[in-house]
Amino acid sequence: MELVTMLGMPGEALRVARDDWRESLTDVVRQAFALHFERNGFYRAQCDAAGLAPSDIRAWADLQRIPLLPVSMFKQAGAHVLMTCGLEDVEIEIRSTGTSGVPSVARRDSTTVTRASVGIFGGYRDFFGISQGAGLFLCPSTAEVPEMGMVKIFNLLTGMLDDHRYIVREYSFDPEEALAQLRSWEGRMTRHLIGPPFIIARFLKYLELEDIPLTLDPDSLIIMLGGWKQYTGNSISRDDFNEKAQRMLGIDRTRIRDMYGMIESNMLAIECEHQRKHVPPWCYISIRDVTDASVELEPGKTGGIAILDALNTAYPGFLLSDDVGEVDEGDCPCGRTGQTVKFRRRRQGAELGCCAVSIEKYIDSREVVSECELADA
Ligand SMILES: [Zn+2]
């Protein structure tokens, strides 16, 4: 299957027989590798050092030989050397601040933006089947934070909804406003909650503490992205979250869907009804030994998450992330083939760098400030 077919027919591409999936994925990754090999001097030097040319990528087992770029490179001042396209061809820059305050910058050219948008949109259609309803976005709007990757990804959902509302403004979140908005849609539209886990968890906690009954609609979804570890170091438990969402919102756990991605990559893994995160058919996730990244581990083993993304024409989308997790290549009961990925934790020494963490930290610090002011008055 060609890359354009994968993008145009996501339902079919996610369900091809396992042998076809391997063959198609090897082909599209090889083609992407050849592009960066030819046009990117910095990357070519890595390939030459490894003694690897596109013609060496013959089969599935060769994918692990493709040189990887550590995501920490995107934080460096000379990150422009990573680019395959010219800086004049960059259409959009996505940033993540990270806990150290050093921004990670990922630049996309128009081909990459088009492919990634179509790919993510297709994924949303296949996994969520949304074509109407209302979305309550528990995150800042793209107007407020245009360079934040997480909200860009969420924002694509608005095109499938009849109505939507962003409820986090100037980094403050008012659960009463969220509740009023949900009630205003009641009986007219199917209501969906969209946002990072920690803000939705805050909303659930508010409903619980205030003892407010709220039952969403039969087809309501909770769609999340942004990680489960808070800037405080605490983790939100997924099981507790599921239980509380079912109890407070009357939503079935099969309709609670998390996603996994990172700003440096176009890869967005979306959960199916079995809460397994499916890797898109144009990406290969390779799990690496945390002590030696050149060693690929077999499915089921925990290690560093490397992503080989065939969509990216702006820079080589062959990245070694700071995340630790595992892949599963077994069949999912939902009928989709390919890989599923499970994020475990950040690699030791890596900073927490996701958008959700920076929003959460800011919301909290503002709350602390306003409370102190009240105390003083
Ligand atoms: Zn599945």
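To keep things clear, this report deals only with the structure shown in the data block. Just so it is clear, the structure is predicted and the values come from calculations on it, not from any experiment.

### Observations concerning the nonpolar core
Counting residues in each nonpolar core, the largest one holds 53 residues, and the members touching the most others are Phe-33, Ile-66, Ile-285 and Phe-318. Broken down by secondary-structure element, the contributors of at least two residues to this core are helix 1 (3-8), helix 3 (18-39), helix 4 (41-50), strand 13 (283-289), strand 15 (303-309) and strand 16 (318-328). With 7 residues, helix 3 is the single largest residue contributor to this core. Non-local contacts of Phe-318, meaning those with residues more than four positions away in its chain, are made with Val-29, Ala-32, Phe-33, His-36, Tyr-43, Ile-66, Pro-67, Leu-68, Leu-69, Ile-307, Leu-308 and Asp-309. In terms of nonpolar packing, the next biggest core, distinct from the first, is built from 33 residues, Ile-167, Val-168, Phe-198 and Leu-207 among them.

### Notes on the coordination of the zinc ion
In a perfect tetrahedron of four donors around a metal, the angles come out at 109.5 degrees. In a perfect octahedron of six, they are 90 or 180 degrees. Each protein donor to the zinc ion is listed here as Cys-272 (SG), His-278 (NE2), Cys-332 (SG) and Cys-334 (SG); together their distances run 2.1 to 2.3 Å. Note that the zinc ion binds 4 donor atoms; their angles at the metal cover 101 to 117°, and the shape is tetrahedral. Of note, the zinc ion draws all its donor residues from one chain, in the sequence arrangement C-x5-H-x53-C-x1-C. Note that His-278 is positioned in strand 12 (residues 277-278) and Cys-332 in the loop between strand 16 and strand 17 (340-346), a separation of 54 residues in sequence. Each member of the pair, His-278 as well as Cys-332, is classed as buried.

### Focus: the layout of surface pockets
Volume-wise, the second largest pocket comes out at about 340 Å³. Ala-201, Arg-202, Lys-205, Gln-230 and Ile-236 are, among the 15 residues lining the second largest pocket, the residues nearest its centre. Sorting the residues of the lining of the second largest pocket by element identifies helix 8 (197-210), helix 9 (238-249) and helix 10 (355-376) as the ones contributing at least two each. It is helix 8 that provides the largest number of residues to the lining of the second largest pocket, a total of 5 residues. Tallied by class, residues from the lining of the second largest pocket come to 5 nonpolar, 4 polar and 6 charged.

### A look at the packing of aromatic side chains
A complete count under the given rule lists 12 aromatic pairs for this structure. Each ring, one from Phe-137 and one from Tyr-166, has its centre 4.8 Å from the other, and the planes form 35°; the classification is tilted. Taken together, the residues span a long stretch of sequence, with Phe-137 in strand 4 (residues 134-137) and Tyr-166 in strand 5 (residues 163-166) at a distance of 29 residues. Note that Arg-336 overlies the ring of Phe-127, its terminal NZ or CZ placed 3.9 Å from the centroid.

### Notes on the packing of helix 3 against helix 4
Remark: helix 3 packs on helix 4, axes separated minimally by 6 Å, with the N-to-C direction vectors making an angle of 110°. Taken as axis vectors, helix 3 and helix 4 run roughly perpendicular relative to one another. Contacts between helix 3 and helix 4 pair Phe-33, His-36, Phe-37, Glu-38 and Arg-39 from the former with Gly-41, Tyr-43, Arg-44, Cys-47 and Asp-48 from the latter.

Definitions and limits used
- Residues numbered from 1 in each chain as written.
- Predicted model: local features only at pLDDT ≥ 70, side-chain atom pairs only at ≥ 80, totals over all residues.
- Heavy atoms only, no water.
- Core = buried A, V, L, I, M, F, W, Y, C linked by side-chain atoms within 4.5 Å.
- Buried < 20%, exposed > 50% of the residue type's maximum accessible area, 1.4 Å probe, protein only.
- Helix = DSSP H or I, 4+ residues; strand = E, 2+ residues; numbered from the N terminus.
- Contact = heavy atoms within 4.5 Å.
- Donors = N, O, S within 2.8 Å, 3.2 Å for Na, K, Ca; no water.
- Tetrahedral: all angles 85-135°; square planar, octahedral: opposite > 155°, others 65-115°.
- 1 Å grid on protein atoms, 1.4 Å probe; cavity = no way out; pocket = protein on both sides within 12 Å on 5 of 7 lines; lining within 4 Å.
- Points joined across faces, edges and corners; volume = space filled by probe spheres on them.
- Nonpolar A, V, L, I, M, F, W, Y, C, P; charged D, E, K, R; others polar.
- Phe/Tyr/Trp six-rings, centres within 6.5 Å; stacked < 30°, edge-to-face > 60°.
- Lys NZ or Arg CZ within 6 Å of the ring centre and 35° of its normal.
- Axes fitted to C-alpha atoms, helices over the stretch in contact; angles between N-to-C directions.
- Parallel < 35°, antiparallel > 145°, perpendicular 65-115°, else oblique.

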